[in-house]
Structures are given as structure tokens and as C-alpha cells.
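Take a look at the letters that make up each chain.
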Amino acid sequence: MDLSSINPALLIASIMISATPILLAALGEMVVEKAGVLNLGVEGMMITGAVVGFATAVSTGSPTLGFMAAALASAVLSLSFGLLTQVMLSNQVATGLGLTLVGLGLSSLIGKPYEGMKSPTLPKLDIPLLGDIPVLGRMLFSHDAMVYISLLLVLAVWAFLKYTRAGLILRAVGESHDAAHALGYKVVRIRLMAIFFGGACAGLGGAYLSLVRVPQWTEGMTSGAGWIALAIVVFASWRAGRVLIGAYLFGGVTVLQLNLQAAGARVPVEILSMSPYLITILVLVIISARGVHGAPASLGRPFHASS
Amino acid sequence: MADTLLSLRGLTKAYPGVVANDDVSFDIRAGEIHALLGENGAGKSTLVKMIYGLVKPDRGEMSLLGAPYAPSEPKAARALGVSMVFQHFSLFNALSVAENVALGMEKPPRVGDLARQIREVSEMYGLPLDPFRIVGTLSAGERQRVEIIRCLLQDRRLLIMDEPTSVLTPQEVEILFATLRKLSAEGTAILYISHKLEEIRALCDHATILRLGKKVATCTPAESTARQLGELMVGTSFAAPASRAQATGAVLLEVTALSLPAPDAFGTPLREIAFQVKAGEVLGLGGVAGNGQDELLAALSGERLAPAGSVTLKGRDVSRTGPMARRDAGLLSAPEERLGHAAAPAMSLVENGVLTAARREGLVSGGFVSWAKARSFAERVIREFDVRTPSPDTAAGALSGGNLQKFVIGREILQRPDVLVVNQPTWGVDAAAAAAIRQALLDLAAKGAAIIVISQDLDELMEISDRFGALNEGRLSRIRPVSGLDMEQIGLMMGGAHGMEVAQVA
């Protein structure tokens, strides 16, 4: 095994890129779940974002437009989930699974003509001063804008939930929709907005896969990233900071095992490929084993304003 | 003559199949404490929901200080100074006191200012409260303070209180009454909903009585007897349970040093619980909700296994056996939550009968349910306990609370238990049905069963039990004979006023 072929600066840099799609999707889903809705359609929304973002970027030549189109498409798709579960009171679990299937099918239909094409990708930011620091500059400060946007989003979601009145109302709705309704808050409207936000985040995550990380369109390219995002939300005890840890951990182990494979580690490839899933879940279980879990009390329960 | 604050004229609200309020009119004057009295299902809740803007009336109008008043949502009502203290579904367990208060306000101040205001107001009205505690860790009485303070911090003209004392110890009731009198003296009118007659006589200036959605009277409670009020409320008189000769036999159930950790973050641990019940005896266990009642029932019924040696049934240790084995041995139970715990809402009464009576009544043979036997068992429960239902095939969830409660209790009683544990047997049940359930429990005891009644209704416990104990934070007080107990002693057994000692030190 030739470990010297692994360059630490490149390794860290690629960890950040590998973690970003999952971070975005998990962050969006966390907000949705904080509002008391369980949307299992993250995988479907991510892949829809991936294909719409790719197609838009290829046809317009602008990756920025691609990201915007991806966010919009996934958010609109998630609104269909919102309409079914919040207005028509369908079962959230079944509808979410359906959303994943719809997303996978729809994306392969849309994506057929784009297979094998190459898309324009986001430029690396050239941050003055910071980017010139030796090693660190290349490791942390020479990425594309989405990496930093996702990190800022973590901060924004954390501050929104902790310090703003709107965030408090969102948490209250997820905690007890009956009480929130009794106080006169519009439970369904608030939840629909949260679902919309979650959809947009998942779309951005998917587009990051197809426009930056790979960057290509292949059918089923999310390969379970949406499910990992869902798991990360639970094991992160619905906290933005821990979602960040979980996503970077998963991204880190993914990149590390790929590097190990390339370096010819004498461990079966199957075990290496499995390791990101195993290690992420294990670490987050250990973190969440201590202390309160904090699942929103109304999570997944249907709300009907009859009484 | 004081000013009229809120005037209701001809309020009518119908739901499919039932008229909840039919042409209700009365006035509430500024600064008075006005009682709204009625049985469960008399339409009290619908009426106050209309005042609070949660429900729109079909017909009729309201006016506040002479101006037309038709709140489209609670926000509008609060803006005009009308606020409400709910009994259920109004607090968020995982949030802090300050956050809960902020959610009930239109324009909450910054967290630091709000916390200071909460401290000030809570001390001014004798309701000490720490703004940063998580609500899930508070006692029922403290939770109510959160709601009251939420109302006090806003412009208030009318405060609606929905059955505020059902979760309080007698000492806490006194504190609450003092607060309400103080508010009333400051000019805030209070609409006080209750079915506890003595309370209303002690507190309220006027009372409006509802029966089956119609107003039957407005009177001055201090000038009426509880019996007169009760008859106005119920419409007919009903039999009080017959007294019986006390003849107790051998000890059937013995609990010693029963300790169990809390089942979840907001549950109560059981600490060193010990008592005995003899054949023919009714043991009443009181206490404010959330002091270990559900946990004790789970430990007795076998839903949660207890430490070896802590639960002995007829001389046999059953602590490590599950509910089925305990049922086989004669220990039956009926939990508090009718829908979802005592009965499966979407299943028919016949099926719900099979769920607990399958083995004792032989409704199953060779793994197959005998539906004929199951049906006749359900029909027997329905007949003997006067369960009003279209048929035994009706879903349990479609029955009214009182009728389902009669079915749930009847189902256990007809299985001839040696020991029966019931939690809140008459909660949300109308007076006539409650009397019938109490009588059935007494009859069962007279036949030689030992009965444990866990309840928050002290009057009920005084009426049917031979001995009384109170649960407080998972501990059981000393068990004392009911005869000779007064409210003061009972209140102390229940733990006095929760949190008051802490406040005086601080």
C-alpha cells in the first residue's frame, strides 16, 4: 500500500466537496422535521435537483442558473408532498416513499438525452489573501461558492431556530401542532413553507452532485445520499451543528476509503465501500446516546384542524 | 350596576348531528368572576371557543364594550384583551417557560426583558416560576401558572379559564383563587368553566348554566345550594352510590419497595411504593396528574416489569411476569387513556372485548377466535353496563367518552377479577354514567374483589374508597382510612402546594 500517494491538502479539500450535497439535503430535512413533518422523499428530491440542474446548466451554459432551477424544481416537487400530506392528509411515510420513487423515475426520463454530456462547472473562488496561505489556502479557501454557501446555511439555520421568533414558531408547530393551533398559528402554512425550504435544499444538494462533484449525469447517481441525509438528521438529534459533523464525517470517510482503495489497501473493497455508512452511523449513535434526543414531539403525526 | 364587558346574544353553533350551542345569551360584567357551568357535552367548550375566535358561530352575535365583536382567530381576540387558559394542548413540553410565554404574545419583548417580566408578574401574583425551566419538567400546577402568566403579561379584559382546578392540590387551588380574586379586583373579568359546584359557590359572582347546548339559568351561586346548581346542570337527580358494609378479607395484592426509573424524559420514577389491598376493599390513590399514576398502573398491570419480589398477588410473586400472566392470575386493569391504551379506536367493541377477555372468558380455542362467544361477551357488557352504541360492531372510537369508559370498565368487571386496578375511571364521563361506574366498582368489591382506584377526583375517592393514599413525585404517602380525613390533611398528603417552599427560600 502506498500511503504517500495521498495528499493531505487534497484529501481535506475533496472531503469538503464530498460532504456538501449531503449537508445541504440533511439541513433542509432537519428544518422540515423540526416543523413536525417527516419527508422520506429526500432521495427523490435530490436526484430531481441533480437532473434539472444538469440539464439547465448544459442548455444555458450557466451553472448558477442550473443550481437555481434545481432548487426550484425540487421545492415544487416537495410541495406536491406538502399538498398531499398537509392538505389532503395522506400518510407521510407512504407519500414520502412515493416521492422518492417518482423522483427516481422522473429524473431518468428527463436525464436520458443528457447522458455522457459534460456540463459547465462552478468556478473555484479565488479568495484573495486567504487563498494564498500555503497548504491551508488550498485546503480550505479555494473551493466553489456552494461549499461556503452550505456552511453559511448551517449557521443561518442554527441562528434562525435559536434566536428568531419565526424559528420559535416553527419549533412550536413541530412540538405540538394542537397547542400551536390553539394559539392561532397557521400550522399547515408553516409546515408547507418548511417543506418548500427542505425541497429547495435537497435540490441544491442534488445539483451539487451532478454539476460539481461528478460532474456528469448518470441515472441513479445519488445512490442513497438522500437516505444518509435522513439518517444524519436523526442521529444528529435535530441540531444544525451535529448535522454538519455528520455530513463531514460521511464525506470524510467516503473520500478516505476511495483514497485507500486507490492506494491499494489490503482490505476487501466491499468493506471499504461500506465503511462510510457504518462509521457515520456508529459515531452519531455514540454522540446521540448521551443526553436528550429531542425529536420534535409531533414528528410525522397528521394534523387536522377540526376541534 | 357595573358595565357590561361582553354580551352574547343568541349564539348558535351546530356540528353534523349535534347542536353544540342553541341560542345562548348572557352578559359578563367588567371585573366579575362569571362561572360557566355544565356537564361534559353541555356545550361549554364550543361556547368559549367562539368567544376566543377558534370557532365561528352559525348565528348570533357578540359585543365587547358595546362594539360588535367577532374575532376571526385567537390573535384578534387576544388583541382585544380576551385570553384563555386551556386545560389541555396548549403548552410545548420541549420549550422553556419564557419561550412558551412568548408564543402566546403578539409582540414579545427580548428574551432578557421577558424573563424579568415573568419573574415580576409571577411574584406579584404569588405564582413563582423560573422562566428558563423546560416546561416538560414542571408539575401540572406550575404549567398552569405558565398559562396564566402568559395571559397576565398582555392587555387583559377577559380571562377564560377552562376547568383550572382539576389538576391542582387543595392548597394550590387556594393560591389560584387568591390570584383570580386579585385580578378581578383589578378589573379583569374572568369566565370560569367548571363542573365543581362547591368551587363555583366559593369563587364566582354569577353563574350561567348550560344543559345540552341551551342556557337553563343565570344565577348567583352564593345564594344557591350545590344541590340546586347540580339539579339545574343535570336536569334530573341521580342515585348516589349505596353505602355498604365493610367486610374485608385476606390480603390479595401486596406491593413492597416498588421502585422503577422513569420510562421517558418527561415521566415520573416510582420510589419505594408499598401498600396492601384486601379482599372486599377499595383503595383510593389520589394525587395531581403526572406524579406517577400512569407509571404505577403500568407496573401493576405488567406492562412494565417490576423488580423481583415487589408485586405479590395472592402470595405469589408476579413482579417479573407480563400482563397476560397477571390477567390469568386474576389481576386486571383499565388504564386512563381510553382511546389507544384501554381500547383500540378503529376496532369494533367485539374485537376490543377479545383483546383483554380472550383467555379469561375462553373466547379463543386452538388459536382461532370464536366470534359467536366474543359477540355474546360484548353484548353482555353493553347490556349490563348500559353502553349506548348502535351495535357491538361499532368502532370503539365512534363511541362517546362516557360510553366507551363504561364499556372498558365493564369489560374488566365481567371477567370477575380478584384484583382490579383502574386509573381515572370516570374522567370526562357525565354524572349519571360516573355514578353507575362507581356503583359497579363498589358492587365488585362487595363480591370480594380488591380494587385500586387511581383518580384525580378527590370527591370520587372520598365517596368510594375505604382507605386513601396520595402519590407525590412517584412516592406514595402513608395509607389512611378515609373516615376522618379532611381536605387539609389530604392536601398535605398530596404534597401541599408544589414549588411554594422553593419560592419562599429564593
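Residues numbered from 1 in each chain as written. Chains lettered and ligands numbered in written order. Predicted model: local features only at pLDDT ≥ 70, side-chain atom pairs only at ≥ 80, totals over all residues.

Below, the discussion takes up the overall build of chain A. On a plain count of helices and strands, chain A comes out with 12 helices and zero strands. Along chain A, helices (α) and strands (β) appear in the sequence α-α-α-α-α-α-α-α-α-α-α-α when read from the amino end. Relative to its length of 307 residues, chain A is compact, with a C-alpha radius of gyration of 20 Å against a globular reference of 19 Å. Seen through its principal axes, chain A has C-alpha atoms that stretch 65 × 50 × 45 Å. Counting only residues that meet the buried cut, chain A has 47% of its 307 residues in that class. Long-range pairs, those at least 24 residues apart, make up 80% of the contacts in chain A with a sequence separation of at least 6. (Helix = DSSP H or I, 4+ residues; strand = E, 2+ residues; numbered from the N terminus. Rg over C-alpha atoms; globule rule 2.2 N^0.38 Å. Buried ≥ 20, exposed ≤ 12 C-beta atoms within 10 Å, placed from the backbone. Contact = placed C-beta atoms within 7 Å.)

Let us look at the overall build of chain B. Helices and strands together make up the secondary structure of chain B, namely 17 helices and 23 strands. Taking 2.2 N^0.38 as the reference for a compact globule, 506 residues should give roughly 23 Å; the C-alpha atoms of chain B span a radius of gyration of 24 Å, in line with that estimate. Relative to its full complement of 506 residues, chain B shows a buried share of 47%. Residue pairs at least 24 apart in sequence account for 69% of intrachain contacts in chain B once pairs closer than 6 positions are excluded.

Next up on the list: the nonpolar core. Residues and elements named next belong to chain A. Ranked by size, the top nonpolar core spans 224 residues in total, and within it Ile22, Ala26 and Ile232 carry the most contacts. The element best represented in this core is helix H9 (residues 187-213), accounting for 15 residues. Sequence-distant contacts of Ala26, that is, excluding residues within four places in its chain, are made with Ala229, Ile232, Val233, Val243, Gly246 and Ala247. (Core = buried A, V, L, I, M, F, W, Y, C linked by C-beta atoms within 7 Å.)

Time to look at the sheet that holds strand S8 (residues 189-194) of chain B. Residue and element names in this part refer to chain B. Overall, mixed pairing links the six strands, which are arranged S6-S7-S8-S3-S9-S10 in an open sheet. Looking at which strands have only one partner, the edges of the open sheet turn out to be strand S6 (82-85) and strand S10 (214-219). Ignoring which end each strand starts from, the neighbouring axes of this sheet average 20° apart. Relative to strand S9 (residues 206-211), strand S3 (residues 33-37) runs parallel, the two sharing four bridges. Following the sheet pairing, His34 is matched in S9 by His206. Where helix H6 (residues 170-185) meets the sheet, it contacts S3, strand S7 (158-162) and S8, and its direction lies at approximately 145° from that of S8. On the sheet, helix H8 (residues 226-234) packs against S3, S9 and S10 and is oriented at approximately 35° with respect to S9. (Pairing = 2+ DSSP bridges. Axes fitted to C-alpha atoms, helices over the stretch in contact; angles between N-to-C directions.)

A word on the interface of chain B and chain A. Facing 17 residues of chain B, the contacting portion of chain A comprises 14 residues. Listed by contribution, the elements that provide at least two residues to the side of chain B that touches chain A are helix H2 (74-79) and helix H3 (97-103) of chain B.

The next subject is the pairing of S3 of chain B. The buried count for S3 of chain B comes to five of five residues, which makes it a mostly enclosed element. Along S3 of chain B, one buried face is formed by Ile33, Ala35 and Leu37 of chain B and the opposite face, lined by His34 and Leu36 of chain B, is buried too.

Let's shift gears to the domain arrangement of chain B. For an interface, size is often stated in terms of accessible area lost upon the parts coming together. Residues and elements named next belong to chain B. Along its sequence, chain B is carved into domain 1 (4-234) and domain 2 (251-504). A straight line from the C-alpha centre of domain 1 to that of domain 2 covers 32 Å. Contact with domain 1, which involves 19 residues of that partner, is made by 19 residues of domain 2. Those elements that provide at least two residues to the side of domain 1 that touches domain 2 are helix H5 (140-152) and H6. Looking at the side of domain 1 that touches domain 2, the element that brings in the most residues is H6, giving four residues. Split by residue class, the side of domain 1 that touches domain 2 holds seven nonpolar, nine polar and three charged. (Domains from an automatic or database assignment. Nonpolar A, V, L, I, M, F, W, Y, C, P; charged D, E, K, R; others polar.)

So, on to the packing of helix H7 (residues 165-175) of chain A against H9 of chain A. Residues and elements named next belong to chain A. Packing of H7 against H9 leaves a shortest axis separation of 10 Å and a crossing angle of 110°. Between H7 and H9, the angle is such that the two are roughly perpendicular. Seen from H7, the contacting residues are Ile169, Leu170 and Val173; seen from H9, they are Val187, Ile190, Arg191 and Ala194. Taken together, the residues that form the contact of H7 with H9 break down as six nonpolar, no polar and one charged. (Parallel < 35°, antiparallel > 145°, perpendicular 65-115°, else oblique.)

Let's shift gears to the confidence of the model for chain B. For residues with low pLDDT, the predicted coordinates do not support detailed interpretation. Residue and element names in this part refer to chain B. Per-residue confidence for chain B averages 85 on the pLDDT scale, and 94% of its residues sit at or above 70. When the criterion is pLDDT under 50, residues 498-506 qualifies, and its contacts beyond four places in sequence or with other chains add up to eight contacts. Overall fold confidence for the complex sits at a pTM of 0.75, while the interface term, ipTM, reaches 0.81. (pLDDT = per-residue confidence, 0-100.)

Residues and elements named next belong to chain B. Pairing within the open sheet is antiparallel, and its four strands lie in the order S2-S1-S4-S5. In this open sheet, the two strands that pair with only one neighbour each are strand S2 (18-29) and strand S5 (67-69). Neighbour-to-neighbour, the strand axes of the sheet open up by a mean angle of 25°, direction not taken into account. Direction of pairing for strand S1 (residues 4-15) relative to strand S4 (residues 59-64): antiparallel, over a ladder of five bridges. Of the residues in S4, the one forming a bridge with Arg9 is Glu61.

It is worth spelling out helix H3 (residues 63-87) of chain A at this point. Between its first and last C-alpha, H3 of chain A extends 35 Å over 25 residues, near the 36 Å set by a 1.5 Å rise per residue. After H3 of chain A finishes, the residue Leu89 of chain A shows a positive phi value of roughly 60°. (Expected span 1.5 Å × (residues − 1).)

Turning to the environment of Ser62 of chain A, a few remarks are in order. All names here are of chain A. Structurally, the position occupied by Ser62 is in the loop between helix H2 (42-60) and H3. Ser62 sits in the partly exposed class, given 14 other C-beta atoms within 10 Å. Once the C-alpha coordinates of Ser62 and Thr100 are considered, the two residues, 38 residues apart in sequence, prove to be 27 Å apart.

Residues and elements named next belong to chain B. Here Met233 shows up in helix H8. Separated by 211 residues in the primary sequence, Met233 and Asp22 place their C-alpha atoms 16 Å from one another. Those residues in contact with Met233 that sit more than four places away from it in its chain are Leu37, Gly38, Glu39, His195, Ile209 and Arg211.

The next thing to look at is unusual backbone geometry. Negative phi characterises most residues that are not glycine, and trans characterises most peptide bonds. Even without being a glycine, Trp238 of chain A presents a positive backbone phi close to 60°. Mapped onto the secondary structure, Trp238 of chain A falls in the loop between helix H10 (225-235) and helix H11 (240-262). Despite not being glycine, Leu212 of chain B has its phi angle at roughly 50°, a positive value. Assignment of secondary structure puts Leu212 of chain B in the loop between S9 and S10.

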